[in-house]
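Below are the chains, spelled out letter by letter.
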Amino acid sequence: MLELKNVWKSFNGQDVLRGVDLAVGQGEFVSFIGHSGCGKSTLINAVGGLMAIDAGELSLDGKAITEPGPDRAMVFQNYSLLPRLSLLANVREAAKAARPERTSAQTDEVVERYLNAVGLWEHRNKRPAQVSGGMQQRTAVARAFAVSPRLLLLDEPFGALDALTRARLQQQLVDLWQHESTTETVLMVTHGIDEAILLADRIVVMGNPPGPSIIDIIPVDLPRPRDRASVIDEPAFRMVQERLMALLTAEEPAAA
Amino acid sequence: MTLIHPSDTEADLPGAGPPAPSVAPQRPKPPSRLVAMGRSIGWAAVGATVIVLFWAIVARSSPDLPGPSEGFAALRRLLRYPFYDLGPNDKGIGIQLGVSLVKVFTGFAFAVVVGVPLGFLIGGSKRAWAAVNPIIQVLRPVSPLAWFPIGLVVLKDVGNAATFVIFITSLWPTVLNTAAGAASVPTDQRNVARVFKFGRVAYVRHVVVPHSLPSIITGMRLSMGIAWMVIVAAEMLAGNTGIGYFVWNSYNGGKLADVIAAIVLIGGIGVLLDTAFLRLGRKVAA
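Keep in mind the model is a prediction, meaning the values are calculated, not measured. (Residues numbered from 1 in each chain as written. Chains lettered and ligands numbered in written order. Predicted model: local features only at pLDDT ≥ 70, side-chain atom pairs only at ≥ 80, totals over all residues. Heavy atoms only, no water.)

Re the overall build of chain A
- Regarding its fold elements, chain A presents eight helices and 10 strands.
- Whereas a compact globule of 256 residues would reach a radius of gyration of roughly 18 Å, chain A reaches 18 Å, a difference of no more than 12%.
- Projected onto its principal axes, the C-alpha positions of chain A cover 50 × 45 × 35 Å.
- Burial analysis of chain A (256 residues in total) assigns 52% to the buried set.
- Contacts in chain A between residues far apart in sequence, at least 24 positions, make up 71% of those at least 6 positions apart.
- Carbon and sulfur atoms form 51% of the exposed surface of chain A, whose accessible area is close to 11,100 Å².
- Between the mean site of the 26 positive side-chain charges and the mean site of the 32 negative ones, chain A shows a separation of 7 Å. (Helix = DSSP H or I, 4+ residues; strand = E, 2+ residues; numbered from the N terminus. Rg over C-alpha atoms; globule rule 2.2 N^0.38 Å. Buried < 20%, exposed > 50% of the residue type's maximum accessible area, 1.4 Å probe, protein only. Contact = heavy atoms within 4.5 Å. Areas by Shrake-Rupley, 256 points an atom, 1.4 Å probe, with all protein chains shown as cover. Lys, Arg positive; Asp, Glu negative; His and termini not counted. Charge placed at Lys NZ, Arg CZ, Asp CG, Glu CD.)

Now the structure itself:
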């Protein structure tokens, strides 16, 4: 269980995280939504251990988070593959580094499983620049799962992709999370309202200063598996959608 | 499968039967590479002709300066037997250039072996940078030739002292360019290494080295260019062997035409060295 208690973080005198209280249970899929600069990426990075918080408590299963660890893997917005390594080497080197206790046969098995799962095994020897953005991000997803993290952190993972590719990757992500992996909990930062509702169990809505960071937490009561085509007609979907719209419109920065 | 001659295909396309007089649109042809190359060679020839004419005019009014015909005659004579060896004071120009190249590559190799790891160190650590950078900034503007006496005292051999001068010459650009490359690893890649717990070796091998490689090659190319300039002066000081010694010896023997021929050859080899590193850089960037 992931716990944040009164977490504060500022950059250049700007309070980006303002007293964040949040508990995420095992097996939950939580989306974070809000305007640019609301601190949602900062929150994800703090959970990932990439940056220290100024004040408050941040813990996973009772242990304070101070640095990155193999129990948490991240997928970044801009793919962030190492450009001179093949797709296979990108996944394998990360899996090897994060899970040194595995034998190389185990590592190879895991790497092959997830590259297959995202449909890239045939392209494994290509470099990132030789494949499309969608394929790069699928590699990044495979890389994250290959570490077998308990907690998966996604920072606007599909933001740079076209709508069709995004839809396919969302489906792949949910399938991997539910059926193919030991990963239990997912935190995802997103700009997309529909994406947030389609994937998440709960949606954390974040706002701009000077108010509190979290302005609302909306549960999504839709049974899984969710079918992309029919789910948008469900009343529950509509309700969440309208509430999100209202919150985000009210929060819209005046200058924009 | 039947092979169709390219000129037949149009007639085989539906709707493009024999009676149709319609003409397929023709893409305008870009000028061929051969033409472009010929053009640049032509302009280079124009430039060279102007310089040679200028040289001929200056030589006519200054009787001590050999003219173009003497210069080219000397070049031809030197290149006829480039590798003859008649004792320590009389060797072919090929041997002299070879000796200089060996010194340059030796000093350069030592500079790479020392400079690249040092560059990684100061590029990756702010403390190492703060410790080393002021020293480099003080030493870098010093003419490498000032190190010649120190090399001579420590290494007790003029040839090795010249090699030491080349080492110093090549060191600064190699260190600084490597450091610049190592310091500019994108945050994304650094974050990937942190999130996936890359060890020091994996981080250097998979992130720092690949990212810095282009700037390392640039540093090597700059080093080699300066080293090839400095070797001539270093060998004039050393007065032993090598192309610098050849130039100085020719001047003392009153053979100014040989000096001019040597200048042309030194320049030519400089271009070859530079091109080689440019190619290497492109290959690495690909």
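Now, onward.
What about the nonpolar core?
- Among the nonpolar cores identified, the biggest contains 92 residues, and Leu2, Phe32, Leu187, Ile197, Ile203 and Leu244 of chain A are the most heavily contacted of them.
- Lining this core are residues from two domains, each supplying at least three of them: domain 1 (1–71 + 151–166 + 184–256) and domain 2 (87–149) of chain A.
- The residues touching Leu244 of chain A, leaving out its near neighbours within four places in the chain, are Ile33, Ile193, Ile197, Ile203, Val205 and Ile218 of chain A.
- Counting 41 residues, the second-largest nonpolar core is a separate cluster that includes Ala162, Ile216, Ile231 and Val247 of chain B. (Core = buried A, V, L, I, M, F, W, Y, C linked by side-chain atoms within 4.5 Å. Domains from an automatic or database assignment.)

Brief notes about the sheet that holds strand β10 (residues 214–219) of chain A
All names here are of chain A.
- One open sheet holds the six strands; their spatial order is β6-β7-β8-β3-β9-β10, and the pairing between them is mixed. Edge positions in the sheet fall to β6 (72–75) and β10, since each has one partner strand and no second. Direction aside, the axes of adjacent strands within the sheet are offset by 15 degrees on average.
- Relative to β10, strand β9 (residues 202–206) runs antiparallel, the two sharing five bridges. Bridge assignment links Val204 to a residue of β10, and that residue is Ile217.
- Contacts from helix α4 (residues 133–146) reach β6 and β7 (151–155), with the element oriented near 180 degrees to β6. (Pairing = 2+ DSSP bridges. Axes fitted to C-alpha atoms, helices over the stretch in contact; angles between N-to-C directions.)

Concerning the environment of Val186 of chain A
Residue and element names in this part refer to chain A.
- Summarising the element assignment, Val186 is placed in strand β8 (residues 185–190).
- Judged by relative accessible area, Val186 falls into the buried class, the value being 0%.
- Once the C-alpha coordinates of Val186 and Arg150 are considered, the two residues, 36 residues apart in sequence, prove to be 8.6 Å apart.
- Apart from the residues lying within four places of it in its own chain, the contact partners of Val186 are Glu28, Phe29, Val30, Leu152, Leu154 and Trp177.

A closer look at the packing of aromatic side chains
- This model, assessed by the stated rule, comprises eight aromatic pairs over all chains.
- For the ring pair Phe105 of chain B and Phe108 of chain B, a centre distance of 6.4 Å and an interplane angle of 85 degrees mean the geometry is edge-to-face. Note that Phe105 of chain B and Phe108 of chain B are positioned in helix α4 (residues 93–124) at a spacing of three residues, about one turn of the helix.
- These aromatic residues form a ring-pair network of at least three members: Phe105, Phe108 and Phe277 of chain B.
- Taking NZ or CZ as reference, Arg124 of chain A lies 4.2 Å from the ring centre of Trp121 of chain A, over its face. (Phe/Tyr/Trp six-rings, centres within 6.5 Å; stacked < 30°, edge-to-face > 60°. Lys NZ or Arg CZ within 6 Å of the ring centre and 35° of its normal.)

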